[in-house]
Amino acid sequence: MRIALFATCLADAMFPRAAQATVVLLERLGHEVVFPSGQTCCGQMHVNTGYQREALPVVEHHVDVFEAALRPRAEGGDGVEAVVAPSGSCVGSVRHQHALVARRMAEQGRADAGLADRAEAVAARTYELSELLVDVLGVTDVGARYPHRVTYHPTCHSLRMLRVDDKPLRLLRAVHGLDLVELPDAEQCCGFGGTFSVKNADTSTAMLADKIRAVQTTRSEVVTAGDSSCLMHIGGGLSRLRVGTKTVHLAEILAGEGWEAAL
Amino acid sequence: MTTSARDEVLDRIRTALGRSGAAAPEPSPVPREYRTSLGRAPGDPVLLDLLVDRLVDYKAEVHRCPPGAVGATVAAALAAHGARRIAAPAGLPAAWLAGADVETVTDGAAPDGGEALSVATLDAVDGVLTGCAVAVAQTGTIVLDSSPVCGRRALTLVPDYHLIVVEAAQVVGSVPEALPRLDAVRPLTWVSGPSATSDIELDRVEGVHGPRTLVVVLVEG
Amino acid sequence: MTTFLGMPGLPVATERGTLRGADTFPVAARKALADTQLRKNLGHATSTIRAKRARVVGELDDWEELRAAGAAIKADVMARLPELLVQLEENVTARGGHVHWARDADEANRIVLDLVRAAGTPDDPVTSVVKVKSMATQEIGLNEALAEAGIAAVETDLAELIVQLSDDTPSHILVPAIHRNRAEIRQIFLDHMPDVDPGLTDEPRVLAMAARAYLRRTFLAARVAVSGANFAIAETGTLAVVESEGNGRMCLTLPQTLVTVMGIEKLLPTWRDLEVFLQLLPRSSTGERMNPYTSMWTGAPKTSGGTSGGTADGAPDGPQEFHLVLLDNGRTATLADEAGRQALHCIRCSACLNVCPVYERTGGHAYGSVYPGPIGAVLTPQLAGMHGHGADAPAGGDPVDTLPYASSLCGACFDACPVRIDIPSMLVHLRAKHVETAQAQRRVPGLPASAENAAMSAAAWVMRDAGRFSLAEKGLQLGRVLARDGRIRSLPPPLSAWTTSRDAPAPPPETFRQWWARTRGDRS
Ligand code: SF4
């Protein structure tokens, strides 16, 4: 399948390994990955902080870029069949917020009336990595080996916005050599919440402290998740407290130990 | 003053809804795809077992007996409690108290006449015996409807011990099956176990202001 | 003239200090978080109730269908609110009750006060009323208003009693003393409850018995009761109060006069609708299949006449003076916002509080409103109004304005809500409303654009163009000089709020985009 990668701004700028591993994994599974170079960001930070007017051009830009990627090659597009992002949160934004913002802004006379429908069309073919693998590509054993003790944090937006359910866990269970340890109170938010982590830093930190305690009880070498943002938060806390557990994006585990050799 | 507040609030609502004129929209359809019945007739033995299980779970004392043994079962329950003076509603079947060695004070009610018992009297009795209107197996709930066999509400509230006789045919499966059997304009009290509170550390403790002991005699068959 | 964000012409709630706290949420939360006993109490209580709720909700295989029905019924109520209220009024009146309408808190308080006074005589005035726990009367500050007029309002719910005795404020809509553990409650009773047994232990059963003994005489002698209502059935005029302890039954049954204060949104169209809500509410709130007691009455209630039942009215049963006060107090302003009106669907079960990771850690007081937690964060700003950055905003910012931001948008509240209120989407909507109004206010000369606004505009300008974005990434890579061992321990404000407790990652030597261009640049 020909698949467009939406790297997401955070992975692109700060955590390229999550996006690189997604490319390596999909290519190993025999798919063709394209990277529409015009892409930037889904606009989630703006929307969630109340800046919908500012988010609008970002949303419009995202729709333009991926609409073109999804357009058949005969019509000048990239002819991809699906868009994938290594982030539940950004896919959640594309799927649940883009059309909302478009409609709200259209009511204010700021957005084109057709934008919401176009955004929905792009969203309908945009998948979070575990969704793409399990639902679209129909694989759970991606042939990876990762001989480590790992615990999985289901990020809030994957869990409750996208309802990825146990797809990431099914993928992880099929990884050879991986010792999966259940995370206590796994479904509790890590406290990131975008600008929440700064505006309500004390509360956010209290939530993070509990998440880190839960991670520690698993005595895992690695804590993984489908979102670089939450991993950045958890990792920032682990590193500050000098807890040895590493944060590794789900894509990197599914790419298999030593995947960097393919870089 | 009050009238103008009324008109103003109603006006504000119409403004808020962006409605002009008096025309009311049609009721919108409500998806009622939930279970409206457990699929068993009232009194089905499965429902009776379920009711007992739920009552016991919420710390009610339950006795099961055949129709002929109500008096004896009630008498034994009252004796075990040491009850001597029992309040009863005017419409209580005489047979229910026939075997009991207790003094009965009956709460009079119009239009049959008779004095209504004072709160002080109710506070001084050892308990109250009533029937019920309907019982809901799934939730362990018994509904009192102020009919002559249930009595008015104060009667079953002030005494500290409440014994309810539930007949099998009154036991339905679920809440949706109970509502059609009740008259909305009558004062209704839905009782699920003895009074309780979860206000301290969200731990349930039985027994606060309502009757601290709830006894149910379930008449089977 | 106070400028609030909302629909012009539809006034928000009276300021009585019950919806707008003294501190902004972050400031109040910081204080609460420092209280380790509070955090322990809250953590214990919320995890207990979460487990109970999960168990009884799991027993019903039609829970989602019940939620869908509950949401649809509430949406229908909002659409037909004027007609349903009038229908309710007719039915209550037909059964001997009286209906009053109150535009705001002050008006509602005046109505109640007049009714309480009218229940006494010059020789024998009513000097105290018994109360069943009610959010609406807390919202309007009724107890304080009655106290000003020399009438004592006695809270009879155990948790409310604990709060009242210790001169505290509620911190939860169902269990107002959730912030207290058993040892603290024992001490409150010992310190403030007249005639309490000095040998009182901290066993919950013993504490509950002490409350029973303390309130018993008050109940039996009360002449006037004030309650709220969980539901009102338009079709029949029936009111319902759902409770556990029996204090509600006492108040609703024994006094001669009953005054019920109810928000206009609490209606249900038909008797049948109770089959949905009597299943949703108890399981969501106390985690029980059914709460111990639910009382229902219509007007001035009568038993059914005749020895064998029947439809004829029999003897009076309970208060024969019944007054229903229908309260607006900002509800119509809330209704006016199509994206915010769902907040009026709330049945006050408190499930969203119990699952909220923010509430669990800060407790209810941090919200500064009688409505805390996720529902409070969307309801309070709509009832009370937000100031934006207007010239009349309180110094240091309006606490209410900070409520929509008091959430990580984790979505747990939406999943728990028995009537499917999409609280996260409403929070995002209210944030937008807040920012947009603040921006409009900033256009007034003399008010500078906020730093946040400038940063957001700049970021948006960068994010809508890949060229600018990749340049910005290169700038970010300069941040590598701040890093040691791949992490950054301190950043300048406002990001310093991050690095006080968390390390920041060092930017990578090569961005994804750069890597792609280097390795696969020829492929699109
Ligand atoms: S918003 Fe929903 S979950 Fe929260 S209290 Fe109201 S009804 Fe319950």
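Above this text sits the structure in question.
Residues numbered from 1 in each chain as written. Chains lettered and ligands numbered in written order. Predicted model: local features only at pLDDT ≥ 70, side-chain atom pairs only at ≥ 80, totals over all residues. Heavy atoms only, no water.

Caption draft 1: Structural view of the interface of chain C and chain A. Facing the 68 residues of chain C at the interface are 71 residues of chain A. Of the roughly 6000 Å² buried where chain C meets chain A, counting both sides, 55% is carbon and sulfur surface. On the surface where chain C and chain A come into contact, there are 9 salt bridges. The shortest N-O distance in the salt bridge between C:Arg30 and A:Asp202 comes to 3.1 Å. Counting the contacts that link chain C with chain A gives 37 residue pairs in polar contact (both at pLDDT 80 or more). It is helix α18 (residues 423-442) of chain C that provides the largest number of residues to the side of chain C that touches chain A, a total of 8 residues. Residues of the side of chain C that touches chain A, tallied by class, amount to 32 nonpolar, 14 polar and 22 charged. (Contact = heavy atoms within 4.5 Å. Buried area = accessible area lost by both parts, 1.4 Å probe. Salt bridge = Lys/Arg side-chain N within 4 Å of Asp/Glu carboxyl O. Polar contact = N/O pair within 3.5 Å; in protein donor to acceptor, adjacent residues only side chain to side chain. Helix = DSSP H or I, 4+ residues; strand = E, 2+ residues; numbered from the N terminus. Nonpolar A, V, L, I, M, F, W, Y, C, P; charged D, E, K, R; others polar.)

Caption draft 2: Representation of the site of the ligand in the model. The environment of the ligand is made up of 13 residues, and the closest members are C:Cys346, C:Cys349, C:Ser350, C:Cys352 and C:Cys417. Here the residues of the shell around the ligand are counted per class, giving 11 nonpolar, 1 polar and 1 charged. (Near = heavy atom within 4 Å.)

Caption draft 3: Geometry of the sheet that holds strand β1 (residues 98-102) of chain C. Residue and element names in this part refer to chain C. In spatial order, the strands read β1-β12-β7-β4-β2-β3; together these 6 strands make up an open sheet with parallel pairing. Two strands lie at the open edges of the sheet, namely β1 and β3 (152-155), each paired on one side alone. Along the sheet, successive strands turn relative to each other by an average axial angle of 25 degrees, direction set aside. With 2 bridges connecting them, strand β2 (residues 128-131) and strand β4 (residues 224-227) associate as parallel partners. In the strand pairing of β4, Lys131 is matched with Val226. Across the sheet, helix α5 (residues 105-118) is in contact with β1, β2, β4, β7 (257-263) and β12 (321-327); its angle to β1 comes to roughly 150 degrees. (Pairing = 2+ DSSP bridges. Axes fitted to C-alpha atoms, helices over the stretch in contact; angles between N-to-C directions.)

Caption draft 4: Molecular detail of the pattern of salt bridges. Across all of its chains, the model carries 75 salt bridges over all chains by this definition. A salt bridge links C:Lys31 to C:Asp23; the nearest nitrogen and oxygen atoms lie 2.6 Å apart.

Caption draft 5: Structural detail: the nonpolar core. B:Trp190 and C:Phe189 are the most contacted members of the largest nonpolar core, which has 195 residues in total. Among the elements that take part in this core, helix α4 (residues 52-70) of chain A stands out by supplying 8 residues, more than any other. Both domains that meet at this core, namely domain 1 (2-136) and domain 2 (149-262) of chain A, each give it at least three residues. Setting aside chain neighbours within four positions, we find C:Phe189 in contact with C:Leu158, C:Ile162, C:Leu165, C:Val196, C:Leu200, C:Leu207, C:Ala210 and C:Ala211. (Core = buried A, V, L, I, M, F, W, Y, C linked by side-chain atoms within 4.5 Å. Buried < 20%, exposed > 50% of the residue type's maximum accessible area, 1.4 Å probe, protein only. Domains from an automatic or database assignment.)

Caption draft 6: Structural detail: the sheet that holds strand β5 (residues 134-136) of chain B. Here 8 strands make up an open sheet; going across it, the order is β8(B)-β5(B)-β6(B)-β9(B)-β9(C)-β6(C)-β5(C)-β8(C) and the pairing mixed. A strand with exactly one partner marks an edge of an open sheet, and here the two such strands are β8 (171-172) of chain B together with β8 (267-268) of chain C. For strand β5 (residues 231-233) of chain C and β8(C), the ladder comprises 2 bridges, and the chain directions are parallel. Bridge pairing links C:Ala232 to C:Leu267 in β8(C). Docked against the sheet, helix α12 (residues 274-285) of chain C engages β9 (188-191) of chain B together with β5, β6 (238-243), β8 and β9 (293-298) of chain C, running at close to 170 degrees with respect to β5(C).

Caption draft 7: Highlighting the packing of aromatic side chains. Within this structure, the stated rule accounts for 11 aromatic pairs over all chains. Summarising the aromatic geometry, the rings of A:Phe35 and C:Phe512 are spaced 5.0 Å apart at their centres and angled 65 degrees between planes, so their arrangement reads as edge-to-face. On the criterion of chain membership, the pair formed by A:Phe35 in the loop between β2 (32-34) and α3 (44-49) and C:Phe512 in helix α22 (residues 512-520) is interchain, its members lying in two chains. For C:Phe512, a relative accessible area of 0% puts it in the buried group. Measuring from ring centre to ring centre gives 5.4 Å for C:Phe512 and C:Trp515, while their planes differ by 45 degrees; the resulting arrangement is tilted. Taken as a pair, C:Phe512 and C:Trp515 lie in helix α22 at a separation of 3 residues, close to a single helical turn. Note on C:Trp515: relative accessible area 1%, which makes it buried. One aromatic cluster is present, built from ring pairs that chain together A:Phe35, C:Phe512, C:Trp515 and C:Trp516. Against the face of C:Tyr405 rests A:Lys199, its NZ or CZ located 4.4 Å from the ring centre. (Phe/Tyr/Trp six-rings, centres within 6.5 Å; stacked < 30°, edge-to-face > 60°. Lys NZ or Arg CZ within 6 Å of the ring centre and 35° of its normal.)

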